[in-house]
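Residue-level structural notes
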Amino acid sequence: MTFHVMIIPTLDCPSNCEYCWGSKKDSEIMDIVIIEQIVEWLDGFRDDYVHFTFHGGEPLLAGYDFYKKALPMLKNATTHKEAGFSLQSNLWLINKKLAKLFTEYGLAISTSIDGPKEINDYQRGEGYFDKTMQGYKIATENGVKLSFICTFTSYSKDFEEEIYNFFLENDFNIKLHAALPSMRGNNADPWALKQEDHGNLLISLLNRYLHDLDKIEIKDFDHICKSSFLRRGTLCTFADCMGDTLAIGHDGSIYPCYRFNGMKDWVMGNVKDKPSMEELMESQAWNELMDFKEFVDEECADCTYIKFCRGGCPYNGIVANGTAKSVDPQCTAYKMIFKEVSNRANKEFLKSTLPPLMGGNKLNQKNTKKKFTVMDLMLKQ
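None of these values were measured; they are calculated from a predicted model.

What follows is about the pairing of strand S7 (residues 245-248). Of the two faces of S7, the one holding Thr 245 and Ala 247 and the one holding Leu 246 and Ile 248 are both buried throughout. Bridge count between strand S1 (residues 2-7) and S7: 4 bridges; the pairing is parallel. Looking at the pairing, Met 6 lines up with Ala 247 of S7. Bridge count for S7 against strand S8 (residues 253-255) is 2 bridges, and the pairing is antiparallel. Each bridged residue has a counterpart across the sheet, and for Ile 248 the counterpart in S8 is Ile 254.

As structure tokens, this is what we get:
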């Protein structure tokens with residue numbers, strides 16, 4: 001088991017995405033002292049490898065000197081076993097110096113682009129596409145491993161084919177996000193995807209993906225199919241991630257996830273006090289998450305997919321319903337894609353066991369058989 005520590009140097013961000021739910025302008029920036037305190041807090045906290053993700057806001061606002069000190073501090077400390085680094089950024093502030101530093105420490109970056117320039121800039125702001133793609137060029141030319149996040153909104157769902165082809169033609173591996181409502185305001189609400197739209201979008205994109213597994217990687221489908229096969233969630237949205245992921249804000253505050261960062265009601269403790277997991281579990285934030293878990297166990301008890309869905313994301317449920325006694329509002333969408341995967345897998349398995357004359361594997365199926373199958377995704381390494 002890898003313990004995931006998300007470090008949020010700031011909630012500030014230079015971009016102005018219309019549907020953003022996670023940034024806050026003019027937020028303070030983390031001091032390197034907080035990294036020192038994180039290292040000290042991890043001493044004896046748990047005996048697992050630790051993966052560190054820098055998130056935001058825009059984490060590159062912390063600057064080169066911050067990372068020049070933070071990365072070796074986190075990597076070389078004897079208080080924990082470091083499993084790797086990653087960072088989420090729009091790449092506007094990347095430069096050759098930072099890129100080389102990140103490459104030295106094997107730090108992988110994910111950045112957000114929502115498809116072709118016109119679609120992306122309509123929902124992320126004019127100029128966003130060019131700035132991010134310039135940053136992508138600098139990062140990759142200096143050896144940084146990079147992937148993309150694509151957020152589908154109530155607007156961009158109607159451009160599914162154009163968006164998919166954009167990533168396919170550019171050989172960009174992606175992770176899919178659905179636009180969410182926010183606990184910080186209502187600006188994101190009009191952009192949020194309806195459940196049925198989200199579910200239909202996932203099914204359609206899966207159908208496209210099964211033609212192109214040798215050309216592109218869509219991580220969500222890899223995880224959804226793997227989760228269905230293993231009967232347990234392999235992506236945080238569909239797993240009991242509580243306690244296995246914690247987020248640290250700019251002032252050292254500890255949160256159950258980066259999505260709660262900056263919200264006082266969700267502070268579990270502070271790294272300067274070196275709290276144990278048992279002490280963090282005494283917080284009101286933890287109790288709220290346990291309410292979510294208990295509600296899911298009861299409300300979803302008869303659901304076919306509960307073992308590898310777990311009610312979806314607690315944050316999503318709390319935002320949509322105003323209470324922890326809820327499930328992810330995208331429940332219908334998740335059921336739709338899990339059902340699609342299950343039905344396809346069953347048909348593929350049955351077909352593989354039938355002799356050719358009864359409709360099993362045939363020599364001449366070029367026009368009827370997809371190049372790849374859901375079973376291929378389930379068994380993907």
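Time to look at the pattern of salt bridges. The final tally for this structure, using the stated rule, is 15 salt bridges. Linking Lys 117 and Asp 130 is a salt bridge whose minimum nitrogen-to-oxygen distance equals 2.9 Å. On the criterion of sequence distance, the pair formed by Lys 117 in helix H4 (residues 117-124) and Asp 130 in helix H5 (residues 128-141) is long-range, its members being 13 residues apart. On the basis of relative accessibility, which here comes to 40%, the residue Asp 130 falls in the partly exposed class. Notably, a salt bridge pairs Lys 380 with Asp 222, separated by 2.8 Å at the nearest N-O pair. On the criterion of sequence distance, the pair formed by Lys 380 in the segment after helix H13 (374-378) and Asp 222 in helix H8 (residues 219-230) is long-range, its members being 158 residues apart. Residue classification places Lys 380 among the partly exposed residues on the basis of a relative accessible area of 27%.

Okay, the packing of helix H7 (residues 195-209) against helix H12 (residues 331-353) next. Look at H7 against H12: their axes get within 7 Å of each other, and the N-to-C directions meet at 30°. As the angle between them shows, H7 and H12 are arranged roughly parallel. Crossing of H7 over H12 shows right-handed handedness. Contacts between H7 and H12 involve Gln 195, Glu 196, His 198, Gly 199, Asn 200, Leu 202, Ile 203, Leu 206 and Asn 207 from the first element and Cys 331, Thr 332, Ala 333, Tyr 334, Met 336, Ile 337, Glu 340, Val 341 and Arg 344 from the second. When the residues that make up the contact of H7 with H12 are grouped by side-chain class, the tally is 9 nonpolar, 6 polar and 3 charged.

Now for the nonpolar core. Proteins that are soluble and globular tend to have nonpolar side chains buried together. By size, the foremost hydrophobic cluster in this structure holds 114 residues, and its most contacted members are Ile 38, Trp 41, Phe 54, Tyr 67, Phe 102, Phe 167 and Phe 221. Of the residues forming this core, the biggest block, 7 residues, is contributed by helix H1 (residues 32-42). Beyond its immediate stretch of four places on either side in the chain, Phe 167 contacts Ile 113, Gly 115, Phe 148, Cys 150, Phe 172, Ile 174 and Ile 216.

For the rest of this paragraph, the subject is the sheet that holds S1. Strand order in the open sheet made by the 9 strands is S6-S5-S4-S3-S2-S1-S7-S8-S9, with mixed pairing throughout. Across the chains shown, the open sheet's two edge strands, defined by having one partner strand only, are strand S6 (174-178) and strand S9 (269-270). Its contacts with the sheet place helix H2 (residues 64-76) against S1, strand S2 (49-54) and strand S3 (81-88), and it is angled at close to 150° to S3. Against the sheet, helix H6 (residues 160-169) makes contact with strand S5 (146-152) and S6, and its axis sits at roughly 180° relative to S5, the strand it touches most.

Burial analysis of S3 places 6 of its 8 residues in the buried class, which makes it a mostly covered element. Here S2 runs beside S3; their pairing, made up of 6 bridges, is parallel. Bridge pairing links Thr 53 to Ser 86 in S3. The parallel pair S2 and S3, bridged by H2, forms a crossover whose chirality is right-handed.

The next thing to look at is the side chain of Thr 237. Topologically, Thr 237 is positioned in the loop between H8 and S7. Residue Thr 237 is classed as buried on the basis of its relative accessible area, which comes to 16%.

Criteria and thresholds
- Sequence positions are assigned chain by chain, starting from 1 and proceeding in written order.
- It should be noted that, the model being predicted, local features are given only for residues of pLDDT at least 70 and side-chain atom pairs only at 80 or more, the latter also being counted only at that level, while totals for whole chains, interfaces and linings use all residues.
- Each side-chain value is derived from all of the structure's non-hydrogen atoms; neither hydrogens nor water enter the calculation.
- A simple rule labels every residue: compare its accessible area, found with a 1.4 Å probe on the protein chains alone, to the largest value its type can have, and call it buried under 20%, exposed over 50%, or partly exposed in between.
- Helix and strand labels come from DSSP, where a helix needs a run of H or I of at least four residues and a strand needs a run of E of at least two; each type is numbered from the N terminus.
- When DSSP finds at least two bridges between two strands, those strands are taken to pair.
- When a carboxyl oxygen of Asp or Glu is within 4 Å of a side-chain nitrogen of Lys or Arg, the pair counts as a salt bridge.
- Each axis is a line fitted through C-alpha atoms, taken for helices only over the stretch in contact, and angles between the N-to-C directions span 0 to 180 degrees.
- Angular relationships are summarised with four words: roughly parallel below 35 degrees, roughly antiparallel beyond 145, roughly perpendicular across 65 to 115, and oblique for the angles in between.
- In this scheme, a crossing is called left-handed if the near helix is turned counterclockwise away from the far one by less than a right angle; it is called right-handed if the turn is clockwise.
- Whether two residues are in contact is decided by their heavy atoms: any pair within 4.5 Å suffices.
- Residue polarity is assigned by list, with Asp, Glu, Lys and Arg as charged and Ala, Val, Leu, Ile, Met, Phe, Trp, Tyr, Cys and Pro as nonpolar; anything else, Gly included, falls into the polar class.
- Nonpolar cores were defined as sets of buried Ala, Val, Leu, Ile, Met, Phe, Trp, Tyr and Cys residues, with membership established by side-chain atoms within 4.5 Å.
- Looking down the strands as they point away from you, a crossover is right-handed if its path from the first strand over the helix to the second goes clockwise.

Function cannot be inferred from these measures alone, as they are strictly geometric.
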